[in-house]
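# Overview (structure and organization)
Chain residues, written in single-letter form:
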Amino acid sequence: MLPTAAAAATTATATALPSHHRVPAAKSVWLNPSLPASHPLHRHNHKSAELQQRGHEDRALDVPALVAALSAARGAPDLAAALEPHRPVSPRLLGALLSRLPDPRRGVALLDLVAPDLPAPALLIPYNLLLRSACRAGELRLASGLLLEMRDRGVTPDAFSYSTLLAALTRAGHLDHALTFLPLMEDDAVAPDLVLFSNLIHLALRAGDAPKALALFSRLRAAGIKPDLKAYNAAVAAYCKSDLLRDAKRLLLHDMPADGVAPDAESYSPILAALARRGRHLAAVSLFSHMRAVARVKPDLSVFNIVLNAYGQLDLAREADRLFWSMRRAGVPPSVVTYNTMLRVYGDAGLFGEAVHLFGLMRSASDGSGGAGSAVKPNVVTYNTMIAIYGKSLEDEKAGSLVQDMQANGVQPNAITYSTILSIWVKAGKLDRAAKLFEKLREAGSEIDPVLYQTMVVAYERAGLVSQAKRLWQDLKEPEGITKETAIKILASAGRVEEAAWLFRRAANTGEIRDSSVHRAMMDLFAKNRRHRNVIEVFDEMRKVGHLPDSETIATAMNAYGKLKEFDKAAALYRDMREEGCVFSDRVHFQMISLLGAQKDFEALEALVGELSHDPSIDKRELYLVSAGVYERAYKFDKASQIISQIRSSNGTDVQKFR
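Per chain, residues are indexed from 1 in the order of the written sequence. Local features in this predicted model are restricted to residues whose pLDDT is 70 or higher, and side-chain atom pairs enter the listing and the counts only when it is 80 or higher, whereas totals over whole chains, interfaces and linings include all residues. Heavy atoms throughout the structure, all of them, feed into the side-chain values; hydrogens and water do not.

### Observations concerning the packing of aromatic side chains
Note the threshold: Only the six-membered ring of Trp is used, alongside the rings of Phe and Tyr, when aromatic pairs are assigned; centres must lie within 6.5 Å, and planes under 30 degrees apart are stacked while those over 60 apart are edge-to-face, with the rest tilted. Helix and strand assignments come from DSSP, with helices taken as H or I runs of at least 4 residues and strands as E runs of at least 2, each series counted from the N terminus. Only protein chains enter the calculation, and the probe is 1.4 Å; a residue is then buried if its accessible area is under 20% of its type maximum, exposed if over 50%, and partly exposed in between. Charge-over-ring contacts are defined here by two conditions on Lys NZ or Arg CZ: a distance within 6 Å of the ring centre and an angle within 35 degrees of the ring normal.
If you walk through the whole model with that rule in mind, you get seven aromatic pairs. Seen in terms of ring centroids, phenylalanine 324 and tryptophan 325 are 4.7 Å apart; in terms of plane orientation they differ by 75°. Their pairing is edge-to-face. When the centroid spacing of 5.6 Å and the interplanar angle of 15° are considered together, the rings of phenylalanine 602 and tyrosine 631 count as stacked. Of the two residues, phenylalanine 602 is situated in helix α35 (residues 602-612) and tyrosine 631 in helix α36 (residues 620-633); the sequence distance between them amounts to 29 residues. Judged by relative accessible area, which is 15%, phenylalanine 602 ranks as buried. The ring centre of phenylalanine 602 lies 4.9 Å from the NZ or CZ of lysine 636, which sits over that ring.

Shown next as structure tokens:
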């Protein structure tokens, strides 16, 4: 009776278990052999045994031999025949094969053959392996198609899928293509990480697209991701390229310390360079002092170069000289750029003897006889700077001989070299010599930059040779030896409206304009000549090409819409650009306020002012002054007076708030 009772107890226990519980294969002896074969416990046990057997077969399989057979297959039938003895293929075996196949396209064929046998969730890892293989092989079009195919088959890509593809696209420089996958990531509930955003921002910067870089940085912060030093430095550089210095300083001096991110020399360098471009050299020197004394950040080579130039522009040549000779003690050896900067500083200060001495040290390095501190060889910029210095000292013969000297030392002259020597000869009254050199350069197909071309045109006009000057302008309509983009910028900078417009339309129709600076030059030219409809045409052409406009370009377009009384289009542009993540300067916001005032839409104006008053990047005092001016022009003197009175009666705290 004991065996029967034990068997009954075992049967009762097994029957009480839920059908989805797994029964270990080692304990299959516990099952009552009198149970029917259709019982769930028997079916589950058979499935587990089958899976275990398939696992044993996968481990016992000669995977390298199978990979070799698959690699030798010449078509789909051969691939199916090589795989037939091992079907159904387990996900584990499929992953092993895909990770070892060298050709990603052969892996795609294998996946297409096996995919119908596997459930959709089991295909995620095989697809990720294929994505990685395709990206490593540079098959980016195939990788993009694989990710889209995953979504079509009901396989939701994960963070690995997107990060693998987008990292490969960013490394290859395909920024716009990479950005098209960001909405798909949102649909699949995959949040981009800090590394991905940083890569995209840096790629946008390398492509010269600062507005797109700032839009990406805004999305990074909106996603709740805390930027690191790399992301902050990229954003600071993008703000500076967009000429948004106040926002760049806010990041450097407020946001980075608030997030516990310590700035480095790369954080300061873009702001110093932007201040120098604006001619605010005293502010650059002040920020440099703050960097060393307060932030305790060690300057790098680029910072030294910028500050040396700032000292030169402030006529502080002696301070620049002391800083230059202290660089090696600070552990930063000067580069050729540093030497060139000091040559320019000496030349601008009239210290020709110091310039010649420093140039001599550099030349001694080129023949191997230089001592300590003279290990930098001169380059084309060095020679161009010295040619200009000789021109300032009225030594045109030495300037001319220096051109031959640089060629003898293996340094080829460039367009700046020739434009500098042409200017020196024209000032010295040697117009015939300058004209012969210019014609020789054109016949030789040498690079002709805008400065060189304009130098010769001005020389002809000053000499009274109007016909020769006109001939050069006409030659630009059918440019030879220079690109149409360069010719357009030459004509635009010279104010030749009709010629520039004719050539721009011709080049735009043939798709030869890819540089956004050409569009900006034409918009500025048309705006100066009050041809506002043409400004809008160029802006539309710029958007059609795919360029994301910067803040100043948007301001120019909005001004043109306002002059044409097309206020709705201006408002639509303002709204659309904000939605795309463009970072505006105060000028754009204030211009929108002025346009709303001109439209008499004071309700929208008050709403916009209220919204901007909470933006920490807006100059509040200027915002209210602009608003008051709009009300005053609309003869709403009470409202304007009320705003002015509030500003005047503000205490110190309020004034600080306005700022």
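### What about the packing of helix α28 (residues 484-493) against helix α29 (residues 497-509)?
The description of two packed helices rests on the angle between their axes and on the distance between the axes. This is how it is decided: Comment: axis = line fitted to C-alpha atoms, over the contacting stretch for helices; angle = value between 0 and 180 degrees taken between N-to-C directions. By the definition adopted for this analysis, an angle is roughly parallel if under 35 degrees, roughly antiparallel if over 145, roughly perpendicular if from 65 to 115, and oblique otherwise. When the near helix sits turned anticlockwise from the far one by under a right angle, the crossing is termed left-handed; a clockwise turn instead gives a right-handed crossing. Any pair of residues with heavy atoms lying within 4.5 Å of one another is described as a contacting pair. Amino acid classes used here: Ala, Val, Leu, Ile, Met, Phe, Trp, Tyr, Cys and Pro are nonpolar; Asp, Glu, Lys and Arg are charged; the rest, including Gly, are polar.
Packing of α28 against α29 leaves a shortest axis separation of 9 Å and a crossing angle of 155°. Classified by the angle between their axes, α28 and α29 sit roughly antiparallel to one another. Both α28 and α29 take part in a crossing whose hand is left-handed. Within the contact between the two elements, α28 uses Lys484, Ala487, Ile488, Leu491 and Ala492 and α29 uses Glu499, Ala500, Leu503, Phe504, Arg506 and Ala507. For the contact of α28 with α29, a count of residues per class yields eight nonpolar, no polar and three charged.

### Looking at the environment of isoleucine 125
Here isoleucine 125 lies in helix α7 (residues 124-136). Taking C-alpha positions, isoleucine 125 is 8.4 Å from proline 91, a pair spaced 34 residues apart along the chain.

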